[in-house]
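Chains, contacts and geometry: an overview
One-letter residues, chain by chain:
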Amino acid sequence: MGKYLYLEGACGISGDMTVASLLDLGADRAKLDAVLKSLNLDGFDYHISQKSSYSISGCDFDVHLHHPEHSYEETYLSHEHKHSQEHSHEHHHEHRHLEDVYAIIDRGKMSDKARALAKKIFLIVAEAESKAHGCPLEQVHFHEVGAIDSIVDIISAAVLFDDLNIDNCIVTGFAEGSGTIVCQHGTLPVPAPAVLNIAEKYGIPLRPSPVKGERVTPTGLAFAAAVRTTDKLPEEYKILKSGIGLGKRDFGQASFLRSLIIEDTAKPEQMLVVECNIDDSTGEEFGLVQEKLFAAGAHDVHFIPCFMKKNRPAYLLRLITTEAKRPQMEDIIFRTTTTIGIRHYKAAFTCMEREIQTITLPYGKVLVKKCRLGDIIRYNPEYESVKALAETANLPFRKVFDDARYTAEKENNA
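Pairing between the strands of a sheet comes from backbone hydrogen bonds, and it takes one of two forms, parallel or antiparallel. If you walk across this open sheet you meet the four strands as β12-β13-β11-β14, and the pairing is antiparallel. Both edges of this open sheet fall to β12 (300-307) and β14 (343-347), since each of them pairs with a single strand only. On average, each strand axis in the sheet is inclined to that of its neighbour by 25°, with strand direction left out of account. In the sheet, strand β11 (residues 271-278) pairs with strand β13 (residues 313-322) via eight bridges, with the strands oriented antiparallel. Residue pairing for β13: Met271 is matched across the bridge by Thr322. In this fold helix α9 (residues 283-295) packs onto β11, β12 and β13, with an angle of close to 150° to the strand it touches most, β12.

This part takes up the layout of surface pockets. Roughly 1500 Å³ of internal volume is contained in the largest pocket. Those elements that provide at least two residues to the lining of the largest pocket are β1 (3-8), β15 (353-361) and β16 (364-373). At four residues, β15 tops the list of elements feeding residues into the lining of the largest pocket. Taken together, 38 residues form the lining of the second largest pocket, with Lys120, Ala225, Lys370, Glu411 and Asn412 sitting closest to its centre. Counting residues per element, the ones that place at least two in the lining of the second largest pocket are α5 (112-133), α7 (193-202), α8 (218-227), β15, β16, β17 (376-381) and α12 (397-413).

Okay, the pairing of β13 next. Burial analysis of β13 places seven of its 10 residues in the buried class, which makes it a mostly covered element. Bridging between β12 and β13 involves eight bridges; their strand directions are antiparallel. By the bridge assignment for β13, Cys306 is matched with Ala314.

Between its first and last C-alpha, helix α6 (residues 148-164) extends 24 Å over 17 residues, near the 24 Å set by a 1.5 Å rise per residue. Where burial is concerned, most of α6 is hidden: 16 out of the 17 residues are buried. Where α6 ends, the next residue or the one after it, Asn165, has phi of about 55°, a positive value.

Core analysis: the largest hydrophobic core is formed by 67 residues, its most contacted members being Leu7, Phe61, Ile155 and Phe174. Sort the elements by how many residues they give to this core and α6 lands first, with 11 residues. Not counting residues up to four positions away in its chain, the partners in contact with Phe61 are Asp16, Val19, Ala20, Leu23, Leu32, Tyr46, His47, Ile48, Val152, Asp153, Ser156 and Lys248.

In this model, the chain carries an average pLDDT of 88, and 90% of its residues clear a pLDDT of 70 or more. The least confident element of the chain is helix α3 (residues 72-76), whose mean pLDDT is 41; the most confident is helix α1 (residues 15-24), at 97. Low pLDDT, under 50, characterises residues 70-93; the predicted model gives this stretch 76 contacts beyond four residues in sequence or across chains.

Rules used throughout
Residues numbered from 1 in each chain as written. Predicted model: local features only at pLDDT ≥ 70, side-chain atom pairs only at ≥ 80, totals over all residues. Heavy atoms only, no water. Pairing = 2+ DSSP bridges. Helix = DSSP H or I, 4+ residues; strand = E, 2+ residues; numbered from the N terminus. Axes fitted to C-alpha atoms, helices over the stretch in contact; angles between N-to-C directions. Contact = heavy atoms within 4.5 Å. 1 Å grid on protein atoms, 1.4 Å probe; cavity = no way out; pocket = protein on both sides within 12 Å on 5 of 7 lines; lining within 4 Å. Points joined across faces, edges and corners; volume = space filled by probe spheres on them. Buried < 20%, exposed > 50% of the residue type's maximum accessible area, 1.4 Å probe, protein only. Expected span 1.5 Å × (residues − 1). Core = buried A, V, L, I, M, F, W, Y, C linked by side-chain atoms within 4.5 Å. pLDDT = per-residue confidence, 0-100.

Okay, structure coming up:
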């Protein structure tokens, strides 16, 4: 059984909603306070309280600016933004490069894991902003992601996620609003450019809803993209704890992010090892039975040289399958080989979680399997995908394989 953080996306996601939901889930408020004080970042304070949104009770995380800057989210949101009333006077713009934001994160007293996550989230937002404006990453002025409230939201989310000490996170997608939004760049359709870029790059589904306005913000979606390890819920799970983080915008209905700590309770299908000794089948028959067993859904099929009675040289045919498919597998073996007896027994397996990612190389796209168990992570390019790209690009198989693995490691560890 595995334990997961599940970000339920029925009402969208934003930076402050994320922080509030993690606090409501039980993440350490005192630890967060100590980290934010260690940033030595003037010009803000924050409040944590219990409120309600259309009768749904939850946690509210509210950052107040002494000298308001435009936050990243305000840049793309309409005048209904959470700080809209505070911005009725002239705004002070503080432009920061990504390296300036990194310097703020580096001086904070937090764990290495939280620090790396905060930087990863900012990089995701920065790359989306760079693409939206058509500027190289190093040339983008981040008055948006450099705003104090965005810095506080992202660092807070990273610190609280780290405090929960849950490595795996499920993100199935988020409900987005509809219509248009008014921002510095004029009237734009929903989703806003940065949200669209993040959703596209990281393959996070957005589900349209009739609600007018933007329900998914760049900082919230960037957090989801940074921590997601899978996009599928277990077939059966137990809810260990839940937290609700309230949004600030009034959509005419409840607005909140619900974060759940769940435990996978689905019983895995019983796996069996099925095997037999064969000493009088031809090599062609061995090849045929392997082909038929794989086509029927065997998890693995292999042959092992062995010696039978009277020292007769033979092969041990062994396959891994499920109890449900065992009769079909045995029928194939009896029909295709000369064996007159098959044995089977139950087997327990420990498997790494697997997620297929699409990696873009300079000469094409390739599929890479990301395998994870705790802090052990491996990236295995898929053979058929590598083979196809190598043939299309007229490149050696090994070059495509190595490039795919290197790029996958680089993108996931950024």
